Amino acid sequence: MIARFIIAMLFLPVFAGVLYSRQTISSSPLSPRIANYQISVSLDVEAKSLNAKQTLVWRNTSPDRISELQFHLYLNAFKDLESTFMKESGGALRGISMAGGGWGWIEVNEMRVRGGEDLHAKIEFISPDDGNPNDRTVFRVPLSRPILPGQSITVDLQFTAKLPRVFARTGYYEDFFMVAQWFPKIGVYEPAGMRYAKRGGWNCHQFHANTEFYADYGVYEVDMTLPEDYIVGATGVLKREVRNPDGTKTMFYRAEDVHDFAWTAYPRFTVVEDQWKHVNIRLLLSPGRTQHTERYLTSTKAALTYFDQHVGAYPYTTLTVVDPPNGAGGAGGMEYPTLITGGSSWGLPDGLRFIELVTIHEFGHQYFYGLIGTNEFEEAWMDEGFNSYYEVRIMDEVYGKKTSALDVFGFHMGDLELARSTYTGMMNPKIAPIFSNAWEFKAGGYSSLTYSKTATFMVTLERMIGRSVMDEIMRTYFNRWKFKHPCARDFQAIVNEVVRQHHGSKFGANLDWFFEQVLYGTNVCDYELTSISNRQVFREEEESSDSAGTSEEQRAEYESRVLVSRLGEIIMPVDVLVRFDNGKEIRERWTGRERWKEFVYEGAEQIVWAKVDPDEVLMIDINLLNNSKTNDPLRSPIWRYTLKFLFWLQNILQFGLVF
Amino acid sequence: MLATLYVLNLVPSFVLAWGFRSALLQGFGDSMSIEALRGEFDFTVFFDFLNHHGDALTPVYAQIVVGLCLYLLISVFTTGGVLTVLNGVEGTLRNFFSACGDLFARFFRLFVTYAAVALAAGITTALFLGIVYELMTEGAESEKPEVLWLFALVGIWVAVILVISLIADYAKIDTVLNDRGKMVKAFWRSTKLVLKNFLPVIGLQVLLILLIVLLIGVYWGVERLLDTSSAWGVVLLFIIQQAFVGSRIWVRVLSFASQRELFLSAQYQATTLPEPGPPVPPPVAEPIPLKISAPRRRISKSPSRSRPRKRK
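Fair warning: this is a prediction, and the values are worked out from it, not measured in the lab.

K.L.:
Can you explain the overall build of chain A? Please cite residues and give values.
P.N.:
For chain A, the count of helices and strands is 12 helices and 33 strands. Split into buried and exposed, the 659 residues of chain A put 60% on the buried side. Surface exposure of chain A reaches about 25700 Å², of which carbon and sulfur atoms provide 53%. If the 68 positive side-chain charges of chain A are averaged to one point and the 83 negative ones to another, these points end up 5 Å apart.

K.L.:
I'd like a rundown of the sheet that holds strand β32 (residues 607–612) of chain A, residues and numbers included.
P.N.:
All names here are of chain A. Judged by pairing direction, the sheet is antiparallel, and its 4 strands sit side by side in the order β30-β29-β32-β33 without closing on themselves. At either margin of the open sheet sits one strand with a lone partner, and together these are β30 (585–590) and β33 (628–630). Pairwise comparison of adjacent strand axes, ignoring direction, gives a mean angle of 15 degrees for this sheet. Of the strand pairs in this sheet, strand β29 (residues 574–580) and β30 are connected by 6 bridges, and their pairing is antiparallel. Residue V576 lies in a different strand from β30, and its bridge partner there is E588.

K.L.:
Describe the pairing of strand β15 (residues 218–227) of chain A, naming the residues involved and giving the relevant values.
P.N.:
Residues and elements named next belong to chain A. The element β15 is extensively covered by neighbouring structure, given that 10 of its 10 residues are classed as buried. Where strand β1 (residues 35–44) meets β15, 6 bridges bridge the pair, whose relative direction is parallel. Bridged to Q38 within β15 is E221. Across 10 bridges, the pairing between β15 and strand β18 (residues 248–258) is antiparallel. Pairing of V222 across the sheet is with Y253, part of β18.

K.L.:
Break down the pattern of salt bridges for me, citing the residues and quoting the values.
P.N.:
Taken as a whole and assessed by the stated rule, the structure comprises 50 salt bridges over all chains. With its nearest N and O atoms 2.6 Å apart, the salt bridge here joins D175(A) to R268(A). With D175(A) in the loop between β10 (171–173) and β11 (176–179) and R268(A) in the loop between β19 (263–266) and β20 (270–276), the pair connects residues that are 93 residues apart, well separated along the chain. Look at D175(A) and you get buried, because its relative accessible area is 18%. R268(A) gets classed as partly exposed once you look at its relative accessible area, which sits at 32%. Linking D169(B) and R252(B) is a salt bridge whose minimum nitrogen-to-oxygen distance equals 3.0 Å. Note that D169(B) is positioned in helix α5 (residues 143–178) and R252(B) in helix α8 (residues 231–272), a separation of 83 residues in sequence. When its relative accessible area of 13% is taken as the criterion, R252(B) is described as buried.

Criteria and cut-off values
Residues numbered from 1 in each chain as written. Chains lettered and ligands numbered in written order. Predicted model: local features only at pLDDT ≥ 70, side-chain atom pairs only at ≥ 80, totals over all residues. Heavy atoms only, no water. Helix = DSSP H or I, 4+ residues; strand = E, 2+ residues; numbered from the N terminus. Buried < 20%, exposed > 50% of the residue type's maximum accessible area, 1.4 Å probe, protein only. Areas by Shrake-Rupley, 256 points an atom, 1.4 Å probe, with all protein chains shown as cover. Lys, Arg positive; Asp, Glu negative; His and termini not counted. Charge placed at Lys NZ, Arg CZ, Asp CG, Glu CD. Pairing = 2+ DSSP bridges. Axes fitted to C-alpha atoms, helices over the stretch in contact; angles between N-to-C directions. Salt bridge = Lys/Arg side-chain N within 4 Å of Asp/Glu carboxyl O.

None of the figures reported here should be taken as evidence of function without further support.
Encoded structure:
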């Protein structure tokens, strides 16, 4: 009895720890909690490998009998050059090449339904997107007993993984580890009627160079064992930490209502903690980067505040911001639930707002990816594009409209300007519609269209309907679809609903015409102020006799014309502002449908200038230079830049005298 | 002479800048968007111009390349005139261009020698410094050592090229003062001179570089204060810019003058204070007949009274 008591006392801390780690964070579930994971993983820092046991509890919330499961094995994208990821990326992503010898892979060693059949032998690799027989990033496993509606299945797995040398989002660099996309992850079962599904089936895409995320929400309980000197950052909340006799430690994390789990480990992180309302911000800085502490924290808090005020509340209590070390840039600029990776460099000038831009962008994914679980494979614009739209708003508000992206040596650029120019500067902006599968974009088209064109058309929409209406749309969208999987038509329905409430039929029965053009179409928008003219006209004698005491010859009467044209195929309602020499201004409304339209005025005054889209509502217009004409064009800037050019030329030529 | 050099700098630059102005005029036309450039730089206007009218600049880029090559030849051409005038010849246009023509062939050969040496040294040094960079930054845990080493090594590379340019400068002075005809030899003699008098040569050059840095600082300071949104502001900008360009040309001529003085001083020391030679050899039984070469034709006996050769 005493022995039992002593044993019980010895194990009490362990049991208590386990119980503590299972403690919930939220008082009630925020999400449907369909896919729930318990993972025990050990990191071999020498071999750069993971050994793990995983238990998945998956709940069938559909009305279907499900007779197979499908899983992602993301790390196999880095297995060899034959994977779909490597073929699409050409072995390089974001300018970083896959280093030779740094391959990564994952292998499921055991897989069994708890208390039931062994599934391991039934694993079959499939390639639903491109039929690539050498891609090993998705597998299916048939079940002898189907999962009935409302039932759950518990699957125990054991897997080993070799991390790649950090390349795209995940991997190691020397003793830095970014462990992401690392475990067998179940796909999303879409019953008929969900998103675009006509009949029930798994939505489980291969790992592509452009996109990777679509998963169900759940609870993750992850414990990782690794050397004691490593500093860890992870999704969720650290519940406890246990020192092991062999010089390792085990850290127990719990994350609720998230759809992924990532972690990082590095012995040389400098940890900076800060608080924003209920959120503990944990900044993990690499060597030589502590100078950027304030930049990271200021931008993180700015993003938290902005999203809280304009979209909805951040429901988690933690946010970890990771600054990957020198040489591990491939891990930078990524988003995982409650954990984001930034990007910086020693000595980065304040005017190069790369740190702020990346931090704000990646934080935005906590909403458009994290809290609203869109399918990034199929509708990347709904996470990257919406997020870029908010990145533009926050950056321009916090760091200035003309200086938010760049402000060095007299050169400056706003984030909206950057987004617009990325789209309008495309070799062929008509190359594809935004609404495309992410892996089907041609080279360069993906980011320019899903990120930049979406941000630009969202700004255009905002300026058409007003900022407050736009905010209401986004708040409604957030509240209605958080922890769910909306699609484009769900968003459109909210736009139509809210705009109708505020503007009635000002924009027609709905705004589908807008989305048809900018989202589903490939056409471009280009309105032009083609010409302005003033022609002297001679009035009839009877008319001139009406003028009190003024002779016919002394009066100047003009017929003034403004010609506007639609050069692009996109049709948008647009204003035309005309200014006369007596200071009078006339604002015309044009449906923008006709190829051209002429406005004619008669009177004593002449037109001085005219502008189409004077308020720059149509940011999606690919050429803003041709939006205005004046009779008295300003020439001093031409001279100013000519003289600057002359000056630089003289100095360059002067270098010739070095000889 | 300064005015001549300034005009030779301004005229080709102005021709090229006029092409740039035409491209701007063509691109902006009567658009009001140019007004955004009245005060500061505007990225959207700048980008839309390049995106839709960038082709208009293509011929300007080509003209700049041609202009640079042409100006290089002009600078090779004018060096002879500059050094001859610094040698005391009256700086009339006739004298200046006469000396330019007389010395052009030799200075062109010297330029080719300099370019070959600079290219070879540049590549070799870059390769060597690249290896040093790799060794020193391998496994660096932050970018700090990488950036600092990069700056340091680029500085060393620039210094190497600068020293070669200085050697070329002294070779030019040697050519004019001592009427040298073989440019490779002149270059080699200058190399020895520069290495023997390394500290004064570099010290003088550092002073001249500091002078240019000071001028740049003054220019930037003044330009930042200027309001160029009005026509008068633009005119003032032009005046200040041209004053800066003029002062740079003046510094270059000053550089030649100072180098010439240093060269003469070094040459004087070399002739009046010979280094102790080897011990006198014991007398031989029969004297060895000396081969006497014809005396070199010199431009002048005394540097202060030197004159350029007359053109035939």
